[in-house]
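Each chain is listed here by its residues.
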Amino acid sequence: MLTTSLTLAQETPVEIEQGQNDLFSSRVLTTALSNPWAMRWGPDDMIWVTERTSGEVTRVHPTTGAQQLLLTLEDVYTGPQHEGLLGMALHPELLQGTGNDYVYISYTINNGTAEEPDPSARIVRYTWDNDLQQLVDPQVVIEGLPAWNDHNAGRVVIGPDMKLYYSIGEQGANFGRNLRRPNLAQVLPTQEEVEAEDWHTYSGKILRMELDGSIPEDNPEIDGVRSHILSYGHRNPQGIGFGPDGTLYEVEHGPASDDEFNIIQPGGNYGWPRVAGFKDDLAYVYINWSEAPEGVDANTDPLPDSVVQLPETEFEEEMVDPVATYFTVEDDYPIGEICGYICDPTIAPSSVLYYAAGENGIPEWDNSLLIPTLKHGTLYVQYLSKDGQQADGLPQAWFSTQNRYRDVIVSPDGRTVFIATDAFGSAAQKFGEGLNTSVLHNPGSILVFTYGDEEGSSLGIASGSNASGAAAEGGESLEEWEDPATGNAAEGAAAGSAITEESDVQDVANLGLPKFAANCASCHGAGGEGGAGAVLAGNQALADADFVARTIVHGFGYMPPFGSQLSDEDIAQIGTYIRNAWGNDFGIVTTDQVQAAR
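Residues numbered from 1 in each chain as written. Predicted model: local features only at pLDDT ≥ 70, side-chain atom pairs only at ≥ 80, totals over all residues. Heavy atoms only, no water.

Undergrad: Explain the overall build of the protein here, please?
TA: Helix and strand counts for the protein stand at 6 helices and 31 strands. Computed over C-alpha atoms, the radius of gyration of the protein comes to 24 Å, within 12% of the 25 Å expected from 2.2 N^0.38 for 598 residues, which places it in the range of a compact globule. Principal-axis analysis of the C-alpha atoms gives the protein an extent of 75 × 60 × 45 Å. Burial status across the protein gives 56% buried among its 598 residues. (Helix = DSSP H or I, 4+ residues; strand = E, 2+ residues; numbered from the N terminus. Rg over C-alpha atoms; globule rule 2.2 N^0.38 Å. Buried < 20%, exposed > 50% of the residue type's maximum accessible area, 1.4 Å probe, protein only.)

What follows is the structure in structure tokens.
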């Protein structure tokens, strides 16, 4: 039985009404999936799933959860969070006897080396072989699409017009670890680039193409050039889906506020990176860090005059406003100060699905969009106006669990809801005093919620589920930051004492190990091998102790800040551990360095 809280534990700047969860029964359908990314209900009444990190397409029985492997990619390039096997679309005539037994998938490949990766994305068409029960005969539809280590989006949808739609993020440019990388979401291709099949400006766009990858003749002409581009100015459009009248709905991630729900108009400019949400000058100013003076740190406050800051209202291009934002806040909202990015006023929408109840469906959800969220582990139900062109109030929150929800589908009966969860990452904590956590309750799973099922209809908080820390490598969870070798506080580095250059490196690292296990290992790996977070083993950036202290205190990219949760001693101990574990040999992080980083 799944456990879901009766109230949301995450922070939101407005009150969100809770759905009546006890209308549904719930259970785990299947587990041990390698970051399931896209789900489709097949014509065989099975769930077809892409697994991002393993590069596998798997078929799951919707009642028993039995898994059947259909395809393993040999050339997929997988990174910690955004690279790998992503979207999938099933041809509407799959298994209908017409010969169009096609499945379209998108994934990233590496054109460089392991040390210097150069990823790109491609869409490939596979054919279903009913005798082999496998996907065979790969045919590249389009390749050379932009990809990187962040914000690849990657949703694939076949529209009612039998065109292929594909969403591409802006690869996290101008943000976090890609702060100095130029953002191309507003850049459009030239005619020469289109003719040369140079697609590098497709970053931050939604594409529309024929099923063979060619450019449709009725695609919009933007600045005098017709290309695959349907719309532009997007940040990370992870969700695209059609309504019954052909309306293309889209959801995308904002920076630290203003996640967006959009209706896509051909040729439309959606503003990013010049505008986040509405053009209202609230809680967002654009800084083009790719052109900012070298040596200026993004954390400098106030920024020098040499760093140009552009308010949203100075953006003079015509743009399409979002239908709704999640959420727009005032400038004085404490972004980053509550519990890091998990508590910022965003929800991290990961896909979107139109829902109509019909005669026997879920009447509480009729004429709505189902929006699963990564940060909140919640299915947001956004009600629509009768014509489907406006949001009808704020969304309603359903099925809140301590997970990261990646995709949602509904069975043809209209009453059974399936939600795929990430295998790792950070999410809102749903129990105890904390607000964020890396402990997921159902990692790499498909959860099933059945409407009107009397068996197990109560969605309460499970007793004894508080798992506040991860186990240290090769052992049980450690209490009170004890030395894993002795069970006692290490001599010469007692908790609460200042850590200096003269402190014993091994003693300090021993104190840091269990704290690393509790706070960091779920993303960086118990062996420093990386995962949702960066690889730490052999990472030369760790040679800079000030950088290590600053990163733990303030966060970096998707890594949340820990400065408000951990003491100077905690951070110095964790920093010393990661600088001297797994073959690293970089020495002490002192409490003075941590204090300076604050």
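Undergrad: Any chance you could explain the packing of aromatic side chains here in plain terms?
TA: How two aromatic rings sit relative to each other is set out by the distance from centre to centre and by the angle between their planes. Summed over all chains, the structure comprises 20 aromatic pairs. Ring pairs connect the aromatic residues F24, Y355, W365, W398, F399, F449 and Y451, which therefore count as one cluster. Lying over the aromatic face of Y102, R125 brings its terminal NZ or CZ to 3.9 Å of the ring centre. (Phe/Tyr/Trp six-rings, centres within 6.5 Å; stacked < 30°, edge-to-face > 60°. Lys NZ or Arg CZ within 6 Å of the ring centre and 35° of its normal.)

Undergrad: Hey, could you run me through the nonpolar core in this one?
TA: For soluble globular proteins, nonpolar side chains are generally found buried alongside one another. Residues F516, Y577, I578, V589 and V594 are the most contacted members of the largest nonpolar core, which totals 26 residues. Of all elements in the fold, only helix 2 (505-519), helix 4 (545-554), helix 5 (568-580) and helix 6 (591-597) reach the threshold of two or more residues within this core. Beyond its immediate sequence surroundings of up to four residues, I578 is in contact with F516, L536, L542, V548 and N584. Grouped together as the second largest cluster of nonpolar side chains are 25 residues, Y102, I123, V194 and L207 included. (Core = buried A, V, L, I, M, F, W, Y, C linked by side-chain atoms within 4.5 Å. Contact = heavy atoms within 4.5 Å.)

Undergrad: Even after reading the chapter, I still don't get the sheet that holds strand 2 (residues 36-41), so can you show me in this structure?
TA: As a general point, the strands of a sheet are linked pairwise by backbone hydrogen bonds and lie either parallel or antiparallel. A sheet is described by the order of its strands in space; here 4 strands give the open sequence 2-3-4-5, paired in antiparallel fashion. Looking at which strands have only one partner, the edges of the open sheet turn out to be strand 2 and strand 5 (67-72). Pairs of neighbouring strands in the sheet enclose a mean axial angle of 25°, with direction left out of account. With 5 bridges connecting them, strand 4 (residues 56-60) and strand 5 associate as antiparallel partners. (Pairing = 2+ DSSP bridges. Axes fitted to C-alpha atoms, helices over the stretch in contact; angles between N-to-C directions.)

Undergrad: So what exactly am I meant to see when it comes to the side chain of S350 here?
TA: Summarising the element assignment, S350 is placed in the loop between strand 22 (324-326) and strand 23 (353-355). There is a polar contact of 3.1 Å between the side chain of S350 and the backbone oxygen of R406. Apart from residues no more than four positions distant in its own chain, S350 is found in contact with R155, Q238, G239, P372, T373, L374, Y405, R406 and D407. (Polar contact = N/O pair within 3.5 Å; in protein donor to acceptor, adjacent residues only side chain to side chain.)

Undergrad: Help me understand the pattern of salt bridges in this model?
TA: When the charged atoms of two side chains with opposite charge come close together, those side chains can pair. A full pass over the atoms with the stated rule returns 12 salt bridges. Two residues, R208 and D161, come together in a salt bridge whose shortest N-O distance is 3.1 Å. Here the residue R208 occupies a position in strand 12 (residues 205-209), and D161 occupies one in the loop between strand 10 (156-158) and strand 11 (164-168), the gap between them amounting to 47 residues. Residue R208 is classed as buried on the basis of its relative accessible area, which comes to 8%. In the salt-bridge network here, residues are joined through shared partners; they are D75, R122 and E143. (Salt bridge = Lys/Arg side-chain N within 4 Å of Asp/Glu carboxyl O.)

Undergrad: Would you mind showing me how to read the pairing of strand 7 (residues 102-110) here?
TA: Looking along a regular strand, one sees the side chains alternate between the two faces of the sheet. Of all the 9 residues making up strand 7, 8 are buried; the element is thus mostly covered by neighbouring parts of the structure. As paired strands, strand 6 (residues 85-90) and strand 7 are joined by 4 bridges and run antiparallel to one another. Bridge pairing links L85 to Y107 in strand 7. Examined bridge by bridge, strand 7 and strand 8 (residues 119-129) share 9 bridges and lie antiparallel to one another. Paired with S106 across the strands is I123, a residue of strand 8.

Undergrad: Hey, could you run me through helix 5 in this one?
TA: Think of an α-helix as turning once every 3.6 residues; residues three or four places apart then point the same way. The end-to-end C-alpha distance of helix 5, which contains 13 residues, comes to 18 Å, matching closely the 18 Å that a straight helix rising 1.5 Å per residue would cover. Among the 13 residues in helix 5, 12 count as buried, and that is most of the element. Along helix 5, the residues classified as buried are D568, E569, D570, I571, A572, Q573, I574, G575, T576, Y577, I578 and R579. Looking at the buried residues of helix 5, the elements they touch are helix 2, helix 4 and helix 6. Positive phi appears at W582, one or two residues downstream of helix 5, with a value of about 55°. (Expected span 1.5 Å × (residues − 1).)

Undergrad: Just to check I follow, could you spell out the sheet that holds strand 1 (residues 24-30) for this structure?
TA: Taken in spatial order, the 4 strands of this open sheet run 1-31-28-27, and their pairing is antiparallel. What marks the edges here is a single partner per strand, and that holds for strand 1 and strand 27 (405-410). Direction aside, neighbouring strands of the sheet carry axes that sit 20° apart on average. Relative to strand 31 (residues 446-451), strand 1 runs antiparallel, the two sharing 6 bridges. In the strand pairing of strand 31, F24 is matched with Y451.

Undergrad: What's the story with the confidence of the model for the protein in this structure? I'm lost.
TA: Low pLDDT means the predicted atomic positions in that stretch should not be read closely. Per-chain confidence: the protein averages 88 in pLDDT, with 90% of residues scoring 70 or above. For the stretch residues 1-9, pLDDT sits under 50, and the model shows 36 contacts to residues farther than four places along the chain or on other chains. This stretch, residues 457-495, has a pLDDT under 50; its non-local contacts, to residues over four places away or in other chains, come to 64 contacts. (pLDDT = per-residue confidence, 0-100.)

Undergrad: Would you explain a negative patch on the surface in this entry?
TA: There is a patch of like negative charges on the surface, built from D223, E314, E316 and E317. Here E316 lies in the loop between strand 21 (309-311) and strand 22. E316 gets classed as exposed once you look at its relative accessible area, which sits at 76%. (Patch = residues over 30% accessible without salt bridge, like charges linked within 9 Å, V, L, I, M, F, W, Y side chains within 5 Å. Areas by Shrake-Rupley, 256 points an atom, 1.4 Å probe, with all protein chains shown as cover. Lys, Arg positive; Asp, Glu negative; His and termini not counted. Charge placed at Lys NZ, Arg CZ, Asp CG, Glu CD.)

Undergrad: Honestly, the packing of helix 2 against helix 5 in this entry has me stumped. Any pointers?
TA: Between two packed helices, both the angle of their axes relative to each other and the distance between the axes serve to describe the pair. Contact geometry for helix 2 and helix 5: axes closest at 7 Å, N-to-C directions at 100°. The orientation of helix 2 with respect to helix 5, classified from their angle, is roughly perpendicular. Together, V505, V508, A509, L511, G512, L513, K515, F516 and N519 of helix 2 and D570, A572, Q573, I574, T576, Y577, I578 and N580 of helix 5 make up the contact between the two elements. Grouping the constituent residues of the contact of helix 2 with helix 5 by class yields 10 nonpolar, 5 polar and 2 charged. (Parallel < 35°, antiparallel > 145°, perpendicular 65-115°, else oblique. Nonpolar A, V, L, I, M, F, W, Y, C, P; charged D, E, K, R; others polar.)

Undergrad: Hey, could you run me through the packing of helix 4 against helix 5 in this one?
TA: As a packed pair, helix 4 and helix 5 sit with axes 10 Å apart at the nearest point and diverge in direction by 125°. Compared by their axis directions, helix 4 and helix 5 come out oblique. In this structure, helix 4 meets helix 5 at a crossing whose hand is right-handed. Of the residues in helix 5, those in contact with A545, V548, I552 and V553 of helix 4 are I571, I574, G575, I578 and R579. (Left-handed = near helix turned anticlockwise from the far one by under 90°.)

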